[in-house]
Amino acid sequence: MKFTLVAIFLFISTWAGAQAEFAWGVEAYPNFSHRRLIAQTNISNQQAKELEALETGRFSYGAGLFAQWRGERAGFQTGLRFLDTGYRTVRTPLSADDTPPPGATEKRIVYQNFFIEAPAELQFYQELNERNDFYFMVGLALAYNLANNTKTIFYSGNNRSVNAEKADTENFHNISYSFLTGMGWDHQFSDTFSVFLQPTFQFWLQGLLIDTDINRNLYSVGLCLGVKFR
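Here, residues in each chain are numbered from 1, in the same order as that chain's written sequence. Only residues with pLDDT of at least 70 get local features here, since the model is predicted, and only at 80 or more are side-chain atom pairs given and counted; chain-wide, interface and lining totals rely on the full set of residues. The basis for every side-chain value is the complete set of non-hydrogen atoms in the structure, without hydrogens or water.

A. Focus on the overall build of the protein. Each helix is a run of DSSP H or I of at least 4 residues and each strand a run of E of at least 2, with the numbering of both proceeding from the N terminus. When its secondary structure is counted, the protein shows two helices and 12 strands. In sequence order, the secondary structure elements of the protein are arranged as α-β-β-α-β-β-β-β-β-β-β-β-β-β. Oriented by its inertia axes, the alpha-carbon framework of the protein measures out at about 65 × 40 × 25 Å. The classification of residues rests on relative accessible area computed with a 1.4 Å probe and restricted to protein chains. Under 20% of the type maximum is buried, over 50% is exposed, and intermediate values are partly exposed. Evaluated residue by residue, the protein yields a buried proportion of 44% over its 230 residues. Note on contacts: a residue pair is in contact if any heavy atoms of the two residues lie within 4.5 Å. Taking all contacts inside the protein whose residues are at least 6 apart in sequence as the whole, residues at least 24 apart take part in 72%. Only four residue types enter the tally: Lys and Arg on the positive side, Asp and Glu on the negative side; His and the chain ends are excluded. Charge placement uses NZ in Lys and CZ in Arg. For Asp and Glu, CG and CD serve respectively. Across the protein, the centroid of the 19 positively charged side chains sits 4 Å from that of the 22 negatively charged ones.

Have a look at this one:
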């Protein structure tokens, strides 16, 4: 299935490059990221429920450059993006294993995953008027894992301190892939410049870790916004 979709995207990009108008631009993707828990059968339901209650989402972001080939009704877009994504825990009381600063009473752990991503997106347009278009997007993205950090935040009243550590990248997949979809609005200010706003959903089809009893699929919901030049 994965290879079939990639082949379709490559075919569309070749067609688009021959028949469609070329544009390029920059985009930003502020979003709320979370994870889907994957637990093996040797993990009890109670342990899984405790993890579900412990872990929550966090603010994340992405940004990059893109190239687009667009015909009258359809287009193809690709590029490179940097992603800072992941999840975090809720605030919990300190445990006996913690080494907090003086006065700390609670902690939270933030899991950061950094990727370079290459998306392949199909866009289907509906013209609203001469300057505005509505479109639907669906695509896949391949991503290379750059680094993974674990930040422990200790809370003492209104104060906090952060202890950051790099996670062992050998436990993480180097290459991951995800599914993308969204709907957007494209406004053309001139023949050479336009902006777009696109509510977007992304789901990682592969777990973060290579071999573990408890794994996680990342996902995010946010607003992709950018500027486009022709």
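B. Representation of the packing of aromatic side chains. Here is the rule: rings of Phe, Tyr and Trp (six-membered ring for Trp) pair when centre to centre is within 6.5 Å. Planes less than 30 degrees apart are stacked, more than 60 are edge-to-face, and the remainder are tilted. In total, this model carries 12 aromatic pairs according to the counting rule given. Centroid distance Phe22 to Trp69: 5.5 Å. Interplanar angle 55°. Geometry classified as tilted. Of this pair, Phe22 sits in strand S1 (residues 21-28) while Trp69 sits in strand S4 (residues 58-70), and the two are 47 residues apart along the sequence. Overall, the relative accessible area of 21% leaves Trp69 in the partly exposed class. Cluster of aromatic residues (ring-pair linked, three or more members): Trp24, Phe189, Phe193 and Phe229.

C. Local environment of the side chain of Ser220. Of note, Ser220 is situated in strand S12 (residues 214-229). For Ser220, a relative accessible area of 3% gives the class buried. In terms of polar contacts, Ser220 uses its side chain to reach the side chain of Tyr29, at 2.9 Å. When near neighbours in sequence (up to four residues on either side) are disregarded, Ser220 contacts Tyr29, Asn31, Phe32, Ser33, Thr200, Phe201 and Gln202. Think of a polar contact as two N or O atoms within 3.5 Å of one another; within protein, one of them needs to be a possible hydrogen donor and the other a possible acceptor, and neighboring residues in sequence only count if both atoms come from side chains.

D. Highlighting the pairing of S4. Alignment of S1 against S4, held across eight bridges, turns out to be antiparallel. By the bridge assignment for S4, Gly25 is matched with Phe66. Pairing between strand S2 (residues 31-39) and S4: three bridges, direction antiparallel. For Phe32, the partnering residue across the bridge sits in S4 and is Phe59. When DSSP finds two or more bridges between a pair of strands, those strands are recorded as paired. Here S4 runs beside strand S5 (residues 74-89); their pairing, made up of 10 bridges, is antiparallel. In the strand pairing of S5, Gly62 is matched with Leu83. Between S4 and S5, which pair antiparallel in sequence order, lie three residues.

E. Quick peek at a negative patch on the surface. Like-charged residues are merged into a patch within 9 Å and nonpolar side chains (Val, Leu, Ile, Met, Phe, Trp, Tyr) within 5 Å, provided each residue has over 30% relative accessible area and no salt bridge. Accessible surface is estimated by sampling points in the Shrake-Rupley manner with a 1.4 Å probe; for residues, cover comes only from the protein chains shown. When a carboxyl oxygen of Asp or Glu lies within 4 Å of a side-chain nitrogen of Lys or Arg, that pair is called a salt bridge. Where like charges cluster on the molecular surface, the negative patch consists of Glu72, Glu127, Glu130 and Asp191. Structurally, the position occupied by Glu127 is in strand S7 (residues 106-127).

F. Structural view of the pairing of strand S10 (residues 175-188). Here 13 bridges tie strand S8 (residues 132-156) to S10, and the two strands are oriented antiparallel to one another. The partner of Tyr144 across the bridge, within S10, is Ile175. Linking two consecutive strands that pair antiparallel, namely S10 and strand S11 (residues 193-204), is a turn of four residues.

G. Fine view of the confidence of the model for the protein. Residue-level confidence of the predictor is what pLDDT reports, using numbers from 0 through 100. With 92% of its residues at a pLDDT of 70 or more, the protein has an overall mean of 90. For the protein, per-element mean pLDDT is lowest for helix H1 (residues 2-19), which scores 54, and highest for S11, which scores 98.

H. Seen up close, the environment of Val110. Relative to the assigned elements, Val110 resides in strand S7. Each C-alpha atom, one on Val110 and one on Thr89, is 6.5 Å from the other, the two residues being 21 residues apart in sequence. Excluding its chain neighbours within four sequence positions, the residues that come into contact with Val110 are Arg58, Tyr87, Arg88, Asn149, Thr150, Lys151 and Ile153.

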